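Read off the chains here:
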Amino acid sequence: MSGIFTKSMARNIFYGGTVFFFLLLLALTFDTNKTLPKLDNSANLTPQVIAGKKVWETRNCIGCHTLLGEGAYFAPELGNVYKRRGPEFIKAWIQSQPTGAPGRRQMPQFNLTNEELDNLVEFLKYSSEINTANWPPNIEG
Ligand code: HEC
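J.: Could you give me a rundown of the overall build of the chain, with the residues and numbers involved?
T.: Looking only at helices and strands, one finds four helices and two strands in the chain. Ordering the α and β elements of the chain from the N terminus gives α-α-β-β-α-α. Over its C-alpha trace the chain gives a radius of gyration of 24 Å, far above what one expects of a compact globule, namely 14 Å for 141 residues. Looking at the chain as a whole, 27% of its 141 residues are labelled buried.

This is the structure:
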């Protein structure tokens, strides 16, 4: 005899533990799948949002900015910028670049049409309304 468990006790702990944690995994997976549609804002995925995502991707905004906390850390998190400043400010900012905001850093002029700008802000609105439990924190600067 060595150790405090007999061989069969050790085996029961191993199988019991395996079954318990597998059931826990299943329960949490079902719970996540049930909750996700309420959080992901997919109800508001309009054609305009999808067109806006295309503008977002083709202009590589994420090469400098973050969205939902992901991307480059050169320029502000745009989901939070949408909540702080709203669509009109964002459209005006983009149109006024690179020289329209003295004293602030600049970004490229993308020559977007009004329709592309409207689609883009719809995409940012949609993204900002995904429930991420307030991540990343909306702190300016
Ligand atoms: C080459 C890097 C770069 C790219 C690409 C870029 N930006 Fe920017 N953006 C910046 C910088 C730098 C600022 C100014 C940040 C500051 O003043 O702190 C800025 C600021 C902004 C602001 C104003 C934020 C605020 O808090 O007032 C908005 C809105 C914005 N960008 C949207 C976009 C969108 C949408 C795209 C893609 C179409 C884009 N940017 C692409 C670098 C970039």
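J.: Could you give an account of the coordination of the iron atom of the ligand, naming the residues involved and the relevant values?
T.: In the first shell of the iron atom of the ligand, the protein supplies His-65 (NE2) and Met-107 (SD), at 1.9 to 2.1 Å from the metal. The coordination sphere of the iron atom of the ligand comprises six donor atoms, whose angles at the metal cover 87 to 179 degrees; the geometry is octahedral. Placement of the pair is His-65 in the loop between α2 (47–58) and β1 (66–67) and Met-107 in the loop between α3 (78–96) and α4 (114–128), with a sequence separation of 42 residues.

J.: Mind laying out the layout of surface pockets, listing which residues take part and the relevant values?
T.: Taken as a whole, the largest pocket holds about 890 Å³ of empty space. Residue lining of the largest pocket: 37 residues in total, with His-65, Ala-75, Pro-76, Glu-77 and Leu-78 positioned closest to the centre. Counting only elements with at least two residues in the lining of the largest pocket, the list comes to α3 and α4. A per-element tally of the lining of the largest pocket places α3 first, with nine residues. Looking at side-chain class alone, the lining of the largest pocket contains 23 nonpolar, seven polar and seven charged residues.

J.: Which residues make up the domain arrangement of the chain, and what values do they have?
T.: Segmentation of the chain into domains returns domain 1 (1–39) and domain 2 (42–141). Computed from C-alpha coordinates alone, the two centres of domain 1 and domain 2 are separated by 43 Å.

J.: Which residues make up the site of the ligand, and what are the values?
T.: Around the ligand sit 23 residues in total, of which Cys-61, Cys-64, His-65, Arg-85 and Met-107 are the nearest. In the model, an oxygen atom of the ligand is placed 2.8 Å from a nitrogen or oxygen of the Arg-85 side chain. Within the contact set of the ligand, an oxygen atom lies 2.9 Å away from a side-chain nitrogen or oxygen of Arg-104. Per-element tally for the shell around the ligand: the top contributor is α3, with eight residues. Of the residues that constitute the shell around the ligand, the class distribution is 15 nonpolar, three polar and five charged.

The rules behind each value
- Residues numbered from 1 in each chain as written.
- Predicted model: local features only at pLDDT ≥ 70, side-chain atom pairs only at ≥ 80, totals over all residues.
- Heavy atoms only, no water.
- Helix = DSSP H or I, 4+ residues; strand = E, 2+ residues; numbered from the N terminus.
- Rg over C-alpha atoms; globule rule 2.2 N^0.38 Å.
- Buried < 20%, exposed > 50% of the residue type's maximum accessible area, 1.4 Å probe, protein only.
- Donors = N, O, S within 2.8 Å, 3.2 Å for Na, K, Ca; no water.
- Tetrahedral: all angles 85-135°; square planar, octahedral: opposite > 155°, others 65-115°.
- 1 Å grid on protein atoms, 1.4 Å probe; cavity = no way out; pocket = protein on both sides within 12 Å on 5 of 7 lines; lining within 4 Å.
- Points joined across faces, edges and corners; volume = space filled by probe spheres on them.
- Nonpolar A, V, L, I, M, F, W, Y, C, P; charged D, E, K, R; others polar.
- Domains from an automatic or database assignment.
- Near = heavy atom within 4 Å.
- Polar contact = N/O pair within 3.5 Å; in protein donor to acceptor, adjacent residues only side chain to side chain.

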